[in-house]
Structures are given as C-alpha cells and as structure tokens.
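Descriptive analysis of the structure
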Amino acid sequence: MMDETGDIIGLNVYTPKGIFVGKVSEMGFDLANRCVDGLIVKDVNPVLAEHGIVINIPYSWISAIGDVVLLKRFPEKILRDGTLQGL
C-alpha cells in the first residue's frame, strides 16, 4: 500500500495496451480543491508524444497504482500543440 505521494514518484506508467509511457516525475495538484489532479511525466516515450513534451496525466485516466501505474485510457499520440490523436 502507498503511504505517501513520494511512493508514486519514479513508478513506470503504462497505457491500457501495455505500452510504456514514462516514469512519474512529479504529482500534479489542484491547489484550489487541495487534491491530486494528475501525474507528471517528463521523459515521455517518443512513440506516444513528440520529443520534449511534459504531460500531466489526469487522475481520471488512472486505472490502478501499485508496483506500476496502469492507465484506463491514453491517446495514440500527443502533439506539441496539445492535440490528442486517437482518444
């Protein structure tokens, strides 16, 4: 069981198809509502996103967190202009 948000930092993130997205580098917070709103991944798999893009995976896309983070949805490709292809 995860005791702290720091336990999530460094976990591998996988799409529903089992494709490696990247590692969790930070937590995204909604300060107004005082809650976690997503997971930040900086070195995103270039198959899934254009080079150098940092993504905030919405909490609603997360299926499970344990030894890894499993997502219940993820676009086929994320472009630099913010376009999500195949979602």
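Below, the structure is looked at part by part. Bear in mind that the values here come from a model prediction, so they are computed numbers and not experimental data.

1. A word on the overall build of the protein chain
If you tally the helices and strands in the protein chain, you get 0 helices and 8 strands. When its helices and strands are written in sequence order, the protein chain yields β-β-β-β-β-β-β-β. Here the C-alpha radius of gyration of the protein chain, 12 Å, is about what a compact globule of 87 residues would show, namely 12 Å. Projected onto its principal axes, the C-alpha positions of the protein chain cover 35 × 30 × 20 Å. Residues counted as buried form 32% of the 87 residues belonging to the protein chain. Counting contacts in the protein chain only where the partners sit at least 6 residues apart, residues at least 24 apart contribute 34% of the total. On the protein chain, roughly 5500 Å² of surface is accessible, and the fraction owed to carbon and sulfur atoms is 52%.

2. Describing the sheet that holds strand β3 (residues 35-41)
Spatial ordering of the open sheet is given by β4-β3-β2-β1-β6-β5, a layout of 6 strands whose pairing is mixed. The sheet is open, and its two edges are formed by β4 (55-58) and β5 (62-65), each paired on a single side. When strand polarity is set aside, the average angle formed by the axes of neighbouring strands in this sheet is 40°. Sheet topology places strand β1 (residues 12-14) next to strand β2 (residues 20-30); 3 bridges connect them, and they run antiparallel. When the bridges of β2 are listed, tyrosine 14 appears paired with phenylalanine 20.

3. Quick look at the nonpolar core
Counting 20 residues, the largest nonpolar core has Val13, Val21, Ile55, Ile57, Val69, Leu71 and Phe74 as the members making the most contacts within it. For this core, the secondary-structure elements that each account for two or more residues are β2, β3, β4 and β6 (69-71). The biggest single contributor to this core is β2, with 3 residues. Once you skip the residues sitting within four places of it in the chain, valine 13 turns out to touch Ile19, Phe20, Val21, Gly22, Val24, Val41, Ile57, Val69 and Leu71.

Each value, and the rule that gives it
Residues numbered from 1 in each chain as written. Predicted model: local features only at pLDDT ≥ 70, side-chain atom pairs only at ≥ 80, totals over all residues. Heavy atoms only, no water. Helix = DSSP H or I, 4+ residues; strand = E, 2+ residues; numbered from the N terminus. Rg over C-alpha atoms; globule rule 2.2 N^0.38 Å. Buried < 20%, exposed > 50% of the residue type's maximum accessible area, 1.4 Å probe, protein only. Contact = heavy atoms within 4.5 Å. Areas by Shrake-Rupley, 256 points an atom, 1.4 Å probe, with all protein chains shown as cover. Pairing = 2+ DSSP bridges. Axes fitted to C-alpha atoms, helices over the stretch in contact; angles between N-to-C directions. Core = buried A, V, L, I, M, F, W, Y, C linked by side-chain atoms within 4.5 Å.

These values are about where atoms sit, not about what they do.
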